[in-house]
Structure formats: structure tokens, C-alpha cells
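Letter by letter, the chains look like this.
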Amino acid sequence: MKVAFFTLGCKVNQYETEAMEEMFKKRGYEVVSFEDEADIYIINTCTVTNLGDRKSRQFIRRAKKLNEDSIVAAVGCYSQIAPEEVEQIEGVDVIIGTTDKDRIVDLCEEAREKNKKINVVKNIKYHKEFDKLSIDTIESRTRAYMKIQDGCNQFCSYCIIPYARGPIRSRRLEDILVEAEKLAKASFKEIVLTGIHVASYGKDLKNVDLLDIIEEVSRIEGIERIRLSSIEPTFIDERFMEKVTDNKKFCDHFHLSLQSGSNGVLQRMNRKYTTEEYRNIVHMIRRYMPEAGITTDIIVGFPGETEEEFQETCNFVKDIGFSRIHVFKYSPRKGTPASKLENQVHGSIKNERSDRLIRIGNQVANRFMEGFIGKKMEVLFEEEKEGYFEGYTTNYLRVKAKTDEDVHGKILPVKIVTKEDDILIGQMQDF
Ligand code: SF4
């Protein structure tokens, strides 16, 4: 029997797809690519924007067209937010929300045996249990994402995720260590701790927090690097910085979502910090880790955003000197408080502001990268392309270097000699 997956959305969704793939393989299924003919199609949906919903529907319909006798399962965030809507989509057989993904094989087989539609989406508002998904083996990669946390209690006014993923839930330390051991045995050098709101790790458990996970995982032999996929700015304090600075395996890269550089907009977004507090946190990080890479997400065109407020964001980005920024145009998301706000910004203004901020973002990113020309940096090489090996530094800069050796999966020193677009060119050092 053949099964095919299509995954939309974030790293957590990708992790969960890998875990579901493994469950099917253990039951004797062959995993084939989505465009191939399969007996079962799984669409791991996303609902972070209206576009996410639309794309999810497209791939659900496409699956049935690829094989009308197949079982099609729509799982994840879109199914959780709009189960009735998903159930109406022609060709869908199994509807699973953001819990019960560990029952995917049984539910698909039940739908086939009983030839009936199965919808197991339930209210997630009070869901307390971290799901039982885990990964034993991941094919030939150097960096592994590991899901340690789910849910979010922040309720930023533009965000649907707390309604889709439910309240915060943390994975047990023992389970995390078992999986990290397996990844180390599978020769992974770098683990990226990921979740919906990683900073909330442990808040629902007793006597364990994110620092404990970083410490414990860094004790595992074979794991050379620990990276955080993203972290809430307000979570970072002196104690955290002292601890991670002493930890030689902790990567000096912080993805600190800013969302806006204007206090007025941050307030309307229900974000939990001001620009002054954010700036102080960045300064604190740089006091401990002067070469840290700080990346961020920014939304332009949030309801009511004036030209002055947008200008504040542009100036703030220049001031902070991010190593990379990701710019998103605000899109009203049904069911969120912000979608009901007056003064929605016109699409043409959003486009224009997005272009302007992306240009500024590239300028600050280039300046940050150029600061490393002439320096020696350690790179974890991941792939070979046109005679070069490419990989990332600890502060998340992409580097390529020429070598005849197969250095896939190795962490090696290179001297940065120049820059080409968004990649640094390195020279291999003797090793
Ligand atoms: S922190 Fe805010 S933006 Fe992030 S998932 Fe939670 S509600 Fe959404």
C-alpha cells in the first residue's frame, strides 16, 4: 500500500509529517511523493493565513484527482479551525485536527474498511496532553528539528494559532532525551528545538524549563550544536544569557519576532513588549554574544498603521541591525480580534511598504554579513552544489566553500573571503 503526504506551514507541521510517515512505514506502507498514485493521501494543513486555507483545500481536491479510489485525510490546523468546512470539501474522507495525529493510520484504514467519512476534530481549548508523536529515524540530514512544545497562550490580536493549536503543552524531558539520543546515533550534529511557543516550555510542567532541555541535550555525545527555532523576546534575561553563553554547543542565533517597530502598533497587536524593551534585550544578547545573529519577522500594513508608525519600524530595523528580516503583509484572519478592527490598510499600501522594508532588510543583512569578511568561522556543511559545499555558521549565516573532500555533515573552520548575494564565500582551513 502506498501513502503520500503534502505539508503546508511551519517546522512543527513538518516534524509532525515526518512522525506520521514513520507510523505508516512501521505498518508496512511505502511513502511515495505527492504527485504519484497512492492509496492514501495526507494533507497536513495550515491556517495561519487565508492563503493557507485556500492552498489546503487545493491539495485536498488534487489528491482525489490523483486517485479517486484513495483515502484522503485532511489533518492539522485548518481542519481544527473549520472542521465543517473541510468536511464539505469533495473527496475528503478523514478529518483530524491538531490532536489525534498519532491515530492517523487506524483512522484511514477504518475509513476504507467502513467506506465512511470520519471526523474526529474536538474542542482543543482545554487540551492538556502533549501528543505522542515522535521520530526514530530521519533520512540523511545534518540538522534535525525536534518538537518539544505545542500550543500558545499569548493571543496576539492578528493570530489564529492559539485557536488552532490550543493551550501550551510541553513534552516530557525523558521523551526529548530519548529522541535526541536517537538523532545523535543517526549522526545528526545539530538539533533545532522547535514548537509553537518555545519560550513557554515547561510552564505547564513542574521543575523543568527550556534551559534544562538545552543543558541536558547538550550533554549527549555526538550533538555538537543546539539551536532554537524562535524565542519570545521577553523570555530572555541575564540568567538565560549567562547559562547559554557558558554552553559551547548553544548556537548564537536568536529568532526574535518583532512584528512591528512602533509601540502603537505593538499595543494593537497585543504583543507583550515595547520597542525599548526589545532593544534592551538585543543589547543584552550582544553583551554576551557580540557576533550573535538576530533574525526576525515583521508584519506591515497592520490595521490603522500610519505612515509615521511604518517609518518608526523602518528606523528601528536600521537601528537594531538584524542579520535577516522576514516581511509579511498583514492579512485579516477570520476569527481573530484584529480582523474586526476598523482602518484596514489598502493592499497597494501594504505592497509598497513591504517592498520598502525588504530593501532596508537587505541593506542591514548585507552590512551584518560583510562584518565577517576576513574572519574564521565554523560551518556545518550540509550539501554540495556546483563543486562547493554549503552550510550554516552558528549565528545562522550561509557559507559555501570549495573542496574536493566530502565534508557533508562535518563542522569545519573556514576563512570568510567575500560575499555573493546572500551567501558568504569561505576558504577551507587546514583541518
Ligand atoms: S506568540 Fe502570538 S504570533 Fe506567536 S503563535 Fe502565539 S499568538 Fe501567534
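Everything quoted here is computed from the prediction, not taken from an experiment. (Residues numbered from 1 in each chain as written. Predicted model: local features only at pLDDT ≥ 70, side-chain atom pairs only at ≥ 80, totals over all residues. Heavy atoms only, no water.)

(A) A look at the sheet that holds strand β12 (residues 253-255). With parallel pairing, the three strands of this open sheet are ordered in space as β12-β13-β14. The sheet terminates laterally at β12 and β14 (324-329), the two strands that pair on one side only. Between one strand axis and the next, the sheet turns by 15° as a mean value, whatever way the strands run. Direction of pairing for strand β13 (residues 293-300) relative to β14: parallel, over a ladder of six bridges. Across the sheet, the residue bridging to isoleucine 298 is valine 327, located in β14. Helix α13 (residues 347-370) rests against β13 and β14 of the sheet, and its axis sits at about 175° to β14. (Pairing = 2+ DSSP bridges. Helix = DSSP H or I, 4+ residues; strand = E, 2+ residues; numbered from the N terminus. Axes fitted to C-alpha atoms, helices over the stretch in contact; angles between N-to-C directions. Contact = heavy atoms within 4.5 Å.)

(B) Geometry of the pairing of strand β3 (residues 40-45). Burial runs high along β3: six of the six residues are buried. Every second residue of β3 is oriented toward a common face, with Ile40, Ile42 and Asn44 on one face and Tyr41, Ile43 and Thr45 on the other, all of them buried. Pairing between strand β1 (residues 2-7) and β3: five bridges, direction parallel. Opposite alanine 4, over in β3, you have tyrosine 41 as the bridge partner. Here β3 runs beside strand β4 (residues 71-76); their pairing, made up of six bridges, is parallel. Its bridge partner lying in β4, isoleucine 43 is registered against alanine 74. For the segment spanning β3, helix α2 (residues 50-66) and β4, crossover handedness is right-handed. (Buried < 20%, exposed > 50% of the residue type's maximum accessible area, 1.4 Å probe, protein only. Right-handed = clockwise from strand over helix to strand, strands pointing away.)

(C) The side chain of threonine 393, seen in detail. Along the polypeptide, threonine 393 turns up in the loop between β16 (388-392) and β17 (398-402). Judged by relative accessible area, threonine 393 falls into the buried class, the value being 1%. Polar contacts involving the side chain of threonine 393 include one to the side chain of asparagine 395, which spans 2.5 Å. (Polar contact = N/O pair within 3.5 Å; in protein donor to acceptor, adjacent residues only side chain to side chain.)

(D) Quick look at helix α11 (residues 275-288). Helix length check: α11, at 14 residues, gives a terminal C-alpha distance of 20 Å against a target of 20 Å (1.5 Å per residue), a fit within 8%. Within α11 the residues assigned to the buried category are Thr275, Tyr278, Ile281, Val282, Met284 and Ile285. In the core, the buried residues of α11 are packed alongside α9 (238-246), β12, α10 (263-268), β13 and α12 (307-320). (Expected span 1.5 Å × (residues − 1).)

(E) Up close: the sheet that holds strand β11 (residues 225-228). Reading across from one edge, β7-β10-β11 is the order of the three strands in this open sheet, with parallel pairing throughout. Lying at the two open borders of the sheet, with one neighbouring strand each, are β7 (143-147) and β11. Averaged over all pairs of adjacent strands, the angle between their axes in this sheet comes to 25°, without regard to strand direction. Two strands pair when backbone bridges link them, and strand β10 (residues 190-194) and β11 are joined in this way by four bridges, in the parallel orientation. The residue bridging valine 192 from the neighbouring strand is arginine 227, located in β11. Against the sheet, helix α1 (residues 11-26) makes contact with β7 and β10, and its axis sits at roughly 95° relative to β7, the strand it touches most. Its contacts with the sheet place helix α8 (residues 210-218) against β10 and β11, and it is angled at close to 155° to β11.

(F) Fine view of unusual backbone geometry. Notably, asparagine 343 is not glycine yet its phi reads approximately 55°, a positive angle. Residue position: asparagine 343 is located in the loop between β14 and α13.

(G) Local environment of the domain arrangement of the chain. Under the domain assignment used here, the chain contains domain 1 (2-122), domain 2 (127-251), domain 3 (253-370) and domain 4 (376-428). Tallying the contact residues gives eight residues for domain 2 and twelve residues for domain 4. Of the roughly 890 Å² buried between domain 2 and domain 4 on both sides combined, carbon and sulfur atoms contribute 55%. Summed over the shared surface of domain 2 and domain 4, the number is one salt bridge. Counting every contact that joins domain 2 to domain 4 gives five residue pairs in polar contact (both at pLDDT 80 or more). Partitioned by chemical class, the residues of the side of domain 2 that touches domain 4 number one nonpolar, one polar and six charged. (Domains from an automatic or database assignment. Buried area = accessible area lost by both parts, 1.4 Å probe. Salt bridge = Lys/Arg side-chain N within 4 Å of Asp/Glu carboxyl O. Nonpolar A, V, L, I, M, F, W, Y, C, P; charged D, E, K, R; others polar.)

(H) How the structure looks around the pattern of salt bridges. If you walk through the whole model with that rule in mind, you get 40 salt bridges. The structure contains a network of salt bridges with shared partners spanning Glu16, Lys101, Asp131, Lys147, Asp150, Arg165 and Arg169.

(I) Examining the side chain of serine 200 more closely. You can see serine 200 is positioned in the loop between β10 and α8. When its relative accessible area of 5% is taken as the criterion, serine 200 is described as buried. Apart from residues lying up to four places away in sequence, serine 200 is in contact with Gln149, Ile168 and Ser170.

(J) Just the packing of α8 against α9, in detail. Where α8 contacts α9, the two axes come as close as 11 Å, and the packing angle between them is 5°. Looking at the two axes, α8 sits roughly parallel to α9. Between α8, through Leu211, Ile214 and Glu215, and α9, the contact on the second element is made entirely by Arg239, Phe240, Lys243 and Val244. When the residues that make up the contact of α8 with α9 are grouped by side-chain class, the tally is four nonpolar, no polar and three charged. (Parallel < 35°, antiparallel > 145°, perpendicular 65-115°, else oblique.)

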